[in-house]
Amino acid sequence: CGVATNRRGFTLIEPTVVATLAVILIGVSLVKAGSVITQTKVQRAAQKLQTDVTQAWAIAGRNRKPVILRWSSSSIEMQVTDRTQTTIFRKSGLGAGSGLNLAASEVTVYPTTLTVFPDGLAADTMKITISKSGYTKIIRVSRAGIVRLQ
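Sequence order sets the numbering: in each chain, residues are counted from 1 along the sequence as written. Residues qualify for local features only when their pLDDT is at least 70, as the model is predicted, and side-chain atom pairs are given and counted only at 80 or more; totals for whole chains, interfaces and linings, by contrast, use all residues. Note: side-chain values were computed over all heavy atoms of the structure, leaving out hydrogens and water.

**Student:** For this particular structure, what's the right way to read the nonpolar core?
**Tutor:** For soluble globular proteins, the rule of thumb is that nonpolar side chains tend to be buried together. Here, nonpolar core means buried Ala, Val, Leu, Ile, Met, Phe, Trp, Tyr and Cys residues that are tied together by side-chain atoms lying within 4.5 Å of each other. Any residue under 20% of the maximum accessible area for its type is buried, any over 50% is exposed, and the rest in between are partly exposed; the area is computed with a 1.4 Å probe on protein chains only. Ranked by size, the top nonpolar core spans 29 residues in total, and within it W57, L69, L94, I128 and I130 carry the most contacts. In DSSP terms, a helix is any run of H or I states spanning at least four residues, a strand is any run of E spanning at least two, and both are numbered starting from the N terminus. Of all the elements in the fold, those that place two or more residues in this core are α1 (13–63), β1 (67–72), β2 (77–82), β4 (107–110), β5 (113–116), β6 (126–132) and β7 (135–141).

**Student:** What's the story with the pattern of salt bridges in this structure? I'm lost.
**Tutor:** Where charged atoms of side chains with opposite charge meet at close range, the side chains can pair. Whenever Lys or Arg places a side-chain nitrogen within 4 Å of a carboxyl oxygen from Asp or Glu, that contact is recorded as a salt bridge. Under the definition given, this model contains 1 salt bridge. Its salt-bridge partner being R90, residue D52 comes within 2.7 Å of it at the nearest N-O pair. Of the two residues, D52 is situated in helix α1 and R90 in strand β3 (residues 88–93); the sequence distance between them amounts to 38 residues. Look at D52 and you get buried, because its relative accessible area is 0%. Residue class for R90 comes out partly exposed when judged on its relative accessible area of 27%.

**Student:** What should I look at first to understand unusual backbone geometry in this one?
**Tutor:** For residues that are not glycine, phi is negative in most cases, and the peptide bond is trans in most cases. In this structure, P111 follows Y110 across a cis peptide bond, with omega equal to -10°. For P111, the location among the structural elements is in the loop between β4 and β5. For Q85, which is not glycine, the phi torsion reads 65° and is therefore positive. Tracing the chain through its elements places Q85 in the loop between β2 and β3. In this structure, N101 is a non-glycine residue whose phi angle is positive, near 55°. Tracing the backbone through its elements, the reader meets N101 in the loop between β3 and β4.

**Student:** Any chance you could explain the pairing of β4 here in plain terms?
**Tutor:** Two faces, one strand: in a regular strand the side chains alternate between the faces of the sheet. Alternating residues of β4 divide into V107 and V109, all buried, and T108 and Y110, none buried. The pairing of β4 with β6 spans 4 bridges and is classified as antiparallel. Bridge pairing in β6 links Y110 to K127. Any two strands with at least two DSSP bridges between them are considered paired.

**Student:** Can you help me understand the side chain of Q79 in this one?
**Tutor:** Topologically, Q79 is positioned in strand β2. The buried category is assigned to Q79, whose relative accessible area is 18%. The definition of a polar contact used here is a pair of N or O atoms within 3.5 Å, where within protein one atom must be able to donate a hydrogen and the other to accept one, and adjacent residues in sequence count solely through side-chain atom pairs. Of the polar contacts made by the side chain of Q79, one reaches the side chain of E77; its length is 3.0 Å. Note on contacts: a residue pair is in contact if any heavy atoms of the two residues lie within 4.5 Å. With residues near it in sequence (within four places) discarded, Q79 still touches I68, L69, R70, I88, R90 and K91.

Right, dumping it as structure tokens:
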């Protein structure tokens with residue numbers, strides 16, 4: 001006799017569909033999170049270098065002596081020193097030890113050395129480019145010490 005029974009529970013298809021959707025959503029989230037983390041690291045590195053450059057002008061004016069902004073691609077760091085390099089006023093690393101984990105190929109500084117005089121002028125202009133995974137920040141420094149982050 002055709003007695004209908006009420007069956008409770010899930011068929012095998014329903015949990016499989018839910019699991020597939022969960023995997024897809026997690027995959028999309030991880031890709032987006034990785035992109036946001038990369039953008040944040042580039043932004044933090046640019047702000048760090050922008051602060052160093054700005055401080056170089058302040059240090060030169062305060063001490064009434066020229067200071068040198070020096071980029072080292074081997075150690076991936078920016079230093080603000082006196083002319084004799086005996087005193088390091090500021091040092092900011094962008095490599096593995098800094099938490100930013102940037103490679104030397106991801107940071108371009110031209111020129112790598114810039115002298116800032118106490119009268120508020122520099123010997124040249126400077127351009128710093130930080131680029132990682134398609135995200136780029138550019139810092140432009142004028143001879144008068146105007147620092148623009150783009």
